[in-house]
Amino acid sequence: MTEKIHTLLHTLYPPDDAQSLYEAILARIRTAERPIPRKNTLYHQQDVLLITYGDSLIHADEAPLATLRGFANHRLKSLFSGIHILPFYPYTSDDGFSVSDFYDVNTILGGWEDVRALGESFVFIFYAVFNKISAKIEWLKRFFADYPNFLGLLRTKTPT
């Protein structure tokens, strides 16, 4: 690759300019190849994250999260420092954003062991979705059973 860069630069520029540009490009390539120091932080501004749903990759007889981990370890390790998984919980609608159980992993995607394994291989971020829930979530049902007039109170309140 560097020979091709060298040849192209010498085709486009006078010899002295081509050589100095070539050396500058090589210096930048070497700098980019160096690992980024972490300074005891989990995340760094130079992290590059893959943002994906847990079922983006499917392979027969394997949980999609396991397939994603295998593919990422084999093909993406040099490109991405981390993986950001969009909601992986069981859900009732909204492509996983209407969570019905925050304590479980959608069985179609895999299990907690698959989530943990991704976290061992990459900087790992997951979308917790605490601002959106399914109307069918058990603790919301219990809340409305305990406070049956809650929604009515919200509707009758006027701003002060």
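Residues numbered from 1 in each chain as written. Predicted model: local features only at pLDDT ≥ 70, side-chain atom pairs only at ≥ 80, totals over all residues. Heavy atoms only, no water.

1. Quick word on the nonpolar core
For step 1, the next point in the chain: With 23 residues, the main nonpolar core has L65, I83, I85, F88, Y89, V115 and L118 as its most contacted residues.
For step 2, the next point in the chain: Among the elements of the structure, helix 3 (64-76), strand 2 (82-85) and helix 4 (112-121) are those that each provide at least two residues to this core.
For step 3, the next point in the chain: Examining the composition of this core, we find that 4 residues originate from one element, helix 3, more than from any other. (Core = buried A, V, L, I, M, F, W, Y, C linked by side-chain atoms within 4.5 Å. Buried < 20%, exposed > 50% of the residue type's maximum accessible area, 1.4 Å probe, protein only. Helix = DSSP H or I, 4+ residues; strand = E, 2+ residues; numbered from the N terminus.)

2. Notes on the pairing of strand 2
For step 1, the next point in the chain: Burial of strand 2 is two-sided: the residues G82 and H84 facing one way and the residues I83 and I85 facing the other way are all buried.
For step 2, the next point in the chain: What joins strand 1 (residues 49-52) to strand 2 is helix 3, and the crossover it makes is right-handed.
For step 3, the next point in the chain: In terms of strand pairing, strand 2 meets strand 5 (residues 123-126) through 4 bridges, oriented parallel. Each bridged residue has a counterpart across the sheet, and for G82 the counterpart in strand 5 is V123. (Right-handed = clockwise from strand over helix to strand, strands pointing away. Pairing = 2+ DSSP bridges.)

3. Description of the packing of aromatic side chains
For step 1, the next point in the chain: Evaluated as defined, the whole model comprises 8 aromatic pairs.
For step 2, the next point in the chain: When the centroid spacing of 5.5 Å and the interplanar angle of 90 degrees are considered together, the rings of F88 and W112 count as edge-to-face. One end of the pair, F88, is in the loop between strand 2 and strand 3 (91-93); the other, W112, is in helix 4, with 24 residues separating them in the sequence.
For step 3, the next point in the chain: With a relative accessible area of 1%, F88 lands in the buried category.
For step 4, the next point in the chain: The class for W112 is partly exposed, based on a relative accessible area of 29%.
For step 5, the next point in the chain: In this structure an aromatic cluster arises from ring pairing among F88, Y89, F102, W112, F124 and F126.
For step 6, the next point in the chain: We note K77 situated over the ring of F122; from NZ or CZ to the ring centre the distance is 4.2 Å. (Phe/Tyr/Trp six-rings, centres within 6.5 Å; stacked < 30°, edge-to-face > 60°. Lys NZ or Arg CZ within 6 Å of the ring centre and 35° of its normal.)

4. Digging into helix 4
For step 1, the next point in the chain: The complete set of buried residues in helix 4 reads D114, V115, A117 and L118. The arc enclosing the buried residues of helix 4, seen along the axis, measures out at 160 degrees, which places them on a common side. Along helix 4, the residues that are exposed and aim more than 90 degrees away from the buried face are E113, R116 and E120.
For step 2, the next point in the chain: Next to the buried residues of helix 4 lie helix 3, strand 2 and strand 5. (Arc of directions from axis to C-beta. Contact = heavy atoms within 4.5 Å.)

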